[in-house]
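Fold and contact review
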Amino acid sequence: MTAPPANPHRAPRWLLPAELAGLSIDEPRRRRTVRDWIADTVLFLAAALVVVVESGGGQYYGASIPQWMHAVDPFLAVASCLVLWWRRRFPLVVAGIVLVAYLFSDGAIGAALIAVLTVAIHRGWLAAFLVVVAFLTPSLVFIAENPPPELPWQAMAVIIVLMFLVPLGWGMAVRFRRQVVASLRRDAEWAARDHERRLDAARRAERERIAREMHDTLAHRISLISVHAGALAYRSAQAEAGAGRPLDAGDVGAAIDVIHGNARRALVELGDVLEVLRTDAGDGEPGAPQPGIGDLARLVADAEAVGQRVAVTIECVPTETLRAAVQRTVYRTVQEGLTNARKHAPGAKVEVTVTGAPGAGVVASVCNPLPAGTPPVSTIPGAGVGLAGLAERVALDGGTLEHGPAGGCFRLVTRLPWPA
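Keep in mind it's a predicted model, so treat the numbers as computed, not measured.

**Things to note about the overall build of the protein chain**
For the protein chain, the count of helices and strands is 11 helices and 5 strands. Each of the 420 residues in the protein chain was classed as buried or not, and the buried ones make up 37%. Within the protein chain, contacts between residues separated by at least 24 positions form 70% of all contacts whose residues are at least 6 apart in sequence. Carbon together with sulfur atoms contributes 65% to the accessible area of the protein chain, which is approximately 22900 Å² in total.

Okay, here's the thing in structure tokens:
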């Protein structure tokens, strides 16, 4: 199966995050793209800038915290920035490390905001909400115990809450957008592949249709030609051996005329098949006129011309109200029955019966006696798929097909609907 065609308007992979760059049904997910490296570098530098700004000192609460916290503050802040390089693979672990650093380092506030953003993008709203609560709890407790002199502690608490809610909302929006894009892309790829599968199925169906049309239209004619040619060769061999009357010009000419006529008709019907295949008919009907019940007399006459004994009973009027597709299936049923009888029961009398009326349906039956003893080996080549192709035709027309030995005869019966 071929791959879906590339979209010329699709963004380059290096501009996409890892979750979208490798998002193909048959392609593994990438760890980090160029765009991810750029984003990680920018966020790392932003967190480092916060460390530099906070390291200037002068905080109002400087005298209220132990001296050792001032000593470890820059080291913990730098460590919280460095650990951000692993935030994509281990967002919750990184958030936990940054939380520990944030408890003792004011400079880790930048890394804390980035950790919240990362968890919201990669782990969903519940994990991100719990991380935000974990960061906000010590912050609000500290503000309540050490209120700033220039603002009420409630106002400062609102500012702190907003500081953490912004990356939370931003991360959730990014996560939702990526999920939508991923879903749309997967749906598009599956739709393209499903379309390709439907095309393959249509091609297979068309090939089967070609084989069915070839068999139905040519097998009958070719079998007639084979019978005539075989009879002519047999009589010629008998005449040369002195066991039969020599063939005169009239006998040879009559046989040649039959062979020539059937060969010409085979070519005409082959042209009709090719015309069917070239016609884009939505309802499956061929563009050229197709045989129907009215053509059964000519079909039987061709069979009798090669010595086949046929008894015909047709009680099916008025055929004008019967769909052309159903009439064609009736014709193919009789054609297939005569061809099979000629192959497997040569010389046997064949009974053809076609009955039907509006509302009662159409029944086409072909019956011939089974050969006594071991069935003769047919000299007429065949693909052995005639009944299978006929069954498909009958099923498409909403009918049923029965075939097999019954009461010493081989019966081929097709029942088709004929709406009133």
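**As for the UniProt feature "transmembrane region" (unreviewed entry) in the protein chain**
Residues given the UniProt feature "transmembrane region" (unreviewed entry) here are residues 37-56, 68-86, 92-117, 124-143 and 155-176. Its end C-alpha atoms 11 Å apart, residues 92-117 is made of 85% helix and 0% strand.

**Notes on the sheet that holds strand S3 (residues 361-369)**
The strand order S1-S2-S3-S5-S4 describes an open sheet built from 5 strands, whose pairing is mixed. The open sheet is flanked by strand S1 (310-316) and strand S4 (400-406), the only strands paired with a single partner. Between one strand axis and the next, the sheet turns through 10° on average, direction left out of account. In the sheet, S4 pairs with strand S5 (residues 409-416) via 7 bridges, with the strands oriented antiparallel. Residue pairing across strands places Gly-404 opposite Arg-411, the latter belonging to S5. On the sheet, helix H9 (residues 296-305) packs against S1 and strand S2 (350-357) and is oriented at approximately 175° with respect to S1. Docked against the sheet, helix H11 (residues 386-396) engages S4 and S5, running at close to 145° with respect to S4.

**Brief notes about the nonpolar core**
In terms of nonpolar packing, the biggest core is built from 31 residues, with Val-98, Tyr-102, Val-116, Phe-135 and Phe-164 touching the most fellow members. A total of 8 residues in this core trace back to one element, the largest contributor, which is helix H5 (residues 109-123). When near neighbours in sequence (up to four residues on either side) are disregarded, Val-98 contacts Ser-80, Val-83, Ala-108, Ala-111, Ala-112 and Phe-135. Among the nonpolar cores identified, the runner-up in size contains 25 residues, and Val-300, Tyr-331, Leu-338 and Val-354 belong to it.

**As for the packing of aromatic side chains**
A ring pair, where both rings are aromatic, is described by two values, the distance of the centres and the angle of the planes. The tally for this structure, following the rule as stated, stands at 6 aromatic pairs. Between Phe-44 and Trp-85 the ring centres are 5.4 Å apart and the planes differ by 40°, which places this aromatic pair in the tilted class. Residue Phe-44 is located in helix H2 (residues 34-54), and its partner Trp-85 is located in the loop between helix H3 (67-82) and helix H4 (91-104); the two are separated by 41 residues in the primary sequence. Judged by relative accessible area, which is 19%, Phe-44 ranks as buried.

**Side note on the pairing of S5**
Sheet topology places S3 next to S5; 8 bridges connect them, and they run antiparallel. Residue pairing for S5: Ser-365 is matched across the bridge by Val-413.

**Concerning empty space enclosed by the protein**
Summed over all chains, the structure comprises 1 cavity of 30 Å³ or more. Approximately 40 Å³ is the volume found for the largest cavity. Lining the largest cavity, in full, are Asp-40, Leu-43, Phe-44, Cys-81, Leu-84, Trp-85, Arg-87 and Ile-114.

**Topic: the state of the cysteines**
This structure, assessed with the given rule, holds 0 disulfides. The thiol of Cys-409 is not disulfide-bonded; the next cysteine sulfur, from Cys-367, is found 3.8 Å away.

**Section: the packing of H2 against H3**
Between two packed helices, both the angle of their axes relative to each other and the distance between the axes serve to describe the pair. At a minimum axis separation of 9 Å, H2 and H3 run at an interaxial angle of 170°. Judged on the interaxial angle alone, H3 and H2 are roughly antiparallel. Only Ala-77, Val-78, Cys-81 and Leu-82 of H3 make contact with H2, whose side of the interface consists of Phe-44, Ala-47, Ala-48 and Val-51. Split by residue class, the contact of H2 with H3 holds 8 nonpolar, no polar and no charged.

**Concerning the pairing of S2**
On S2, burial follows the alternation: Val-350, Val-352, Val-354 and Gly-356 on one face are buried, whereas Glu-351, Thr-353, Thr-355 and Ala-357 on the facing-out side are not. Pairing of S1 with S2, which is carried by 7 bridges, proceeds in the parallel orientation. Pairing of Glu-315 across the sheet is with Thr-355, part of S2. Traced from S1 through helix H10 (residues 324-344) to S2, the parallel crossover comes out left-handed. Of the strand pairs in this sheet, S2 and S3 are connected by 7 bridges, and their pairing is antiparallel. Each bridged residue has a counterpart across the sheet, and for Ala-357 the counterpart in S3 is Gly-361.

**Section: the pattern of salt bridges**
Counted under the stated rule, the structure contains 9 salt bridges. For Glu-402, the salt bridge goes to Arg-415, with nearest N and O atoms at 3.0 Å. Highlighted residues: Glu-402 in strand S4 and Arg-415 in strand S5, separated in sequence by 13 residues. On the basis of relative accessibility, which here comes to 42%, the residue Glu-402 falls in the partly exposed class. For Arg-415, a relative accessible area of 38% puts it in the partly exposed group. Among the charged side chains, a network of salt bridges with common partners joins Arg-35, Asp-36, Asp-40, Arg-87 and Arg-88.

**Overview of H9**
Leu-296, Leu-299, Val-300, Asp-302 and Ala-303 are the residues of H9 that are buried. Each buried residue of H9 lies within a common arc of 155° when the element is viewed along its axis, so the set occupies one face. Immediately downstream of H9, the backbone of Gly-307 shows phi near 95°, a positive value.

**Some points on the packing of H10 against H11**
In contact at an axis separation of 10 Å, H10 and H11 are set at 165° when each is read in the N-to-C sense. Here H11 runs roughly antiparallel to H10, going by the angle between their axes. In the crossing of H10 with H11, the sense of the turn from one axis to the other is left-handed. Contacts between H10 and H11 involve Arg-328, Thr-329, Arg-332, Thr-333, Glu-336 and Asn-340 from the former and Gly-386, Leu-387, Leu-390, Arg-393 and Val-394 from the latter. In the contact of H10 with H11, the residues fall into 3 nonpolar, 4 polar and 4 charged.

Rules and cut-offs
- Residues numbered from 1 in each chain as written.
- Predicted model: local features only at pLDDT ≥ 70, side-chain atom pairs only at ≥ 80, totals over all residues.
- Heavy atoms only, no water.
- Helix = DSSP H or I, 4+ residues; strand = E, 2+ residues; numbered from the N terminus.
- Buried < 20%, exposed > 50% of the residue type's maximum accessible area, 1.4 Å probe, protein only.
- Contact = heavy atoms within 4.5 Å.
- Areas by Shrake-Rupley, 256 points an atom, 1.4 Å probe, with all protein chains shown as cover.
- UniProt positions renumbered as here; feature names shortened; annotations may be inferred.
- Pairing = 2+ DSSP bridges.
- Axes fitted to C-alpha atoms, helices over the stretch in contact; angles between N-to-C directions.
- Core = buried A, V, L, I, M, F, W, Y, C linked by side-chain atoms within 4.5 Å.
- Phe/Tyr/Trp six-rings, centres within 6.5 Å; stacked < 30°, edge-to-face > 60°.
- 1 Å grid on protein atoms, 1.4 Å probe; cavity = no way out; pocket = protein on both sides within 12 Å on 5 of 7 lines; lining within 4 Å.
- Points joined across faces, edges and corners; volume = space filled by probe spheres on them.
- Disulfide = S-S within 2.5 Å.
- Parallel < 35°, antiparallel > 145°, perpendicular 65-115°, else oblique.
- Nonpolar A, V, L, I, M, F, W, Y, C, P; charged D, E, K, R; others polar.
- Right-handed = clockwise from strand over helix to strand, strands pointing away.
- Salt bridge = Lys/Arg side-chain N within 4 Å of Asp/Glu carboxyl O.
- Arc of directions from axis to C-beta.
- Left-handed = near helix turned anticlockwise from the far one by under 90°.

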